[in-house]
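# Results of the structural survey
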Amino acid sequence: MTPQVSSFISLQGVWVMVWMVALLGAAHQATGLFVDDQCAGVAGNRDIYQKVLWVCQDCSNIFRNHDVEVKCRKDCFYNSDFLWCVYASERHQDLEQFKRWISILRGARK
């Protein structure tokens, strides 16, 4: 093969690979796959997960520190940092509901 034909074929192969990766990424997003390795009960409970996660995100925004959110989410929200964030975001009146939701998200592990 001539160098021009060879480079055209390799360039065409690169574009095919780029499109395949893009399509696979779009298909992954379209399926709604959601994985949180620390929360066994997330599947089917994404709405609950989002409500609990908002506490951590609010807390992170209050203190302008991303590490706060990471610590808050640790062990599927079953930690003292999450409790601290509940009080910091002035949602202590909802604490019992959050405990129930966390129990669901943890897959009923105590």
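Cut-offs applied
- Along each chain, residues carry numbers from 1 onward, in the same order as the chain's sequence is written.
- Per-residue local features are limited, in this predicted model, to residues with pLDDT of at least 70; the limit for side-chain atom pairs, both in listing and counting, is 80 or more; totals at the level of whole chains, interfaces and linings are taken over all residues.
- With hydrogens and water set aside, each side-chain value is computed from the structure's full complement of heavy atoms.
- What makes a patch is a set of residues exposed beyond 30% relative accessible area and free of salt bridges, joined within 9 Å when like-charged and within 5 Å when nonpolar (Val, Leu, Ile, Met, Phe, Trp, Tyr).
- Only the protein chains shown count as covering a residue, and every accessible area follows the Shrake-Rupley method with a 1.4 Å probe.
- By definition, a salt bridge exists where a carboxyl oxygen of Asp or Glu is found within 4 Å of a side-chain nitrogen of Lys or Arg.
- Per the convention used, a helix needs a DSSP run of H or I reaching at least four residues, while a strand needs a run of E reaching at least two, with both numbered from the N terminus.
- Remark: exposure states derive from per-residue accessible area (1.4 Å probe, protein chains only) relative to the maximum for the residue type, with buried under 20%, exposed over 50%, and partly exposed in between.
- Any two of the Phe, Tyr and Trp rings considered here, Trp counted by its six-membered ring, make a pair once their centres fall within 6.5 Å; the pair's planes then place it as stacked at under 30 degrees, edge-to-face at over 60, or tilted in between.
- Placement of a charge over a ring requires the Lys NZ or Arg CZ to be within 6 Å of the ring centre, with the centre-to-atom vector within 35 degrees of the ring normal.
- Working definition: a disulfide is two cysteine sulfur atoms within 2.5 Å of each other.
- To define axes, lines are fitted to C-alpha atoms, for helices over the stretch in contact only, and angles between the resulting N-to-C directions are given on a 0 to 180 degree scale.
- Note that the term roughly parallel is reserved for angles under 35 degrees, roughly antiparallel for angles over 145, roughly perpendicular for angles of 65 to 115, and oblique for everything else.
- Left-handed describes a crossing whose near helix is turned anticlockwise from the far helix by less than a right angle; the clockwise case is right-handed.
- We call two residues in contact when some of their heavy atoms are within 4.5 Å.
- Gly is put with the polar residues, along with every residue not named as nonpolar or charged; the nonpolar set is Ala, Val, Leu, Ile, Met, Phe, Trp, Tyr, Cys and Pro, and the charged set is Asp, Glu, Lys and Arg.

## Re a nonpolar patch on the surface
There is a patch of nonpolar side chains on the surface, built from I62, F63 and W84 and spanning about 310 Å² of accessible area. Locating W84 in the fold gives a position in helix α4 (residues 80-88).

## Quick word on the environment of S103
By the secondary structure assignment, S103 is in helix α5 (residues 95-105). The spatial distance from the C-alpha of S103 to the C-alpha of G41 is 8.6 Å, given a sequence separation of 62 residues.

## With respect to unusual backbone geometry
At D75, a residue that is not glycine, the phi angle is positive and equals roughly 50 degrees. With respect to the helices, strands and loops of the structure, D75 is situated in the loop between α3 (66-73) and α4. Of the residues examined, D75 reaches a relative accessible area of 39% and is grouped as partly exposed. Phi at E90 is positive, roughly 55 degrees, even though this residue is not glycine.

## Structural notes on the packing of aromatic side chains
Evaluation of the coordinates by the stated rule reveals five aromatic pairs. Ring geometry for F77 against F82: centres 5.8 Å apart, planes inclined by 70 degrees, an arrangement best described as edge-to-face. Overall, the relative accessible area of 1% leaves F77 in the buried class. Each member of the aromatic cluster is reached from another via a ring pair, and the members are Y49, F77, F82, F98 and W101. Sitting above the plane of the Y78 ring, R106 keeps its charged end 4.1 Å from the centroid.

## Comments concerning the state of the cysteines
Defined simply, a disulfide is a covalent bond joining two cysteines at their sulfur atoms. Within this structure, the stated rule accounts for three disulfides. With its sulfur 2.0 Å from that of its partner, C56 forms a disulfide with C72. Residues C56 and C72 are joined through a disulfide that is left-handed, its torsion about the S-S bond being -70 degrees. In this pair, C56 is assigned in helix α2 (residues 46-63) and C72 in helix α3, connecting sequence segments 16 residues apart. Take C56 and C72: they sit in the same class, and that class is buried. A sulfur-sulfur distance of 2.3 Å marks the disulfide that ties C59 to C85. Looking along the S-S bond of the C59-C85 disulfide, the torsion reads about -75 degrees, which is the left-handed sense.

## Re the packing of α3 against α4
Where α3 meets α4, the closest approach of the two axes is 7 Å, and the angle between their N-to-C directions is 120 degrees. It follows that α3 is oblique to α4 by the angle criterion. α3 and α4 meet at a crossing whose hand is left-handed. Across the interface between the two elements, V68, K71 and C72 from α3 touch D81, F82, W84 and C85 from α4. Broken down by class, the residue content of the contact of α3 with α4 amounts to five nonpolar, no polar and two charged.

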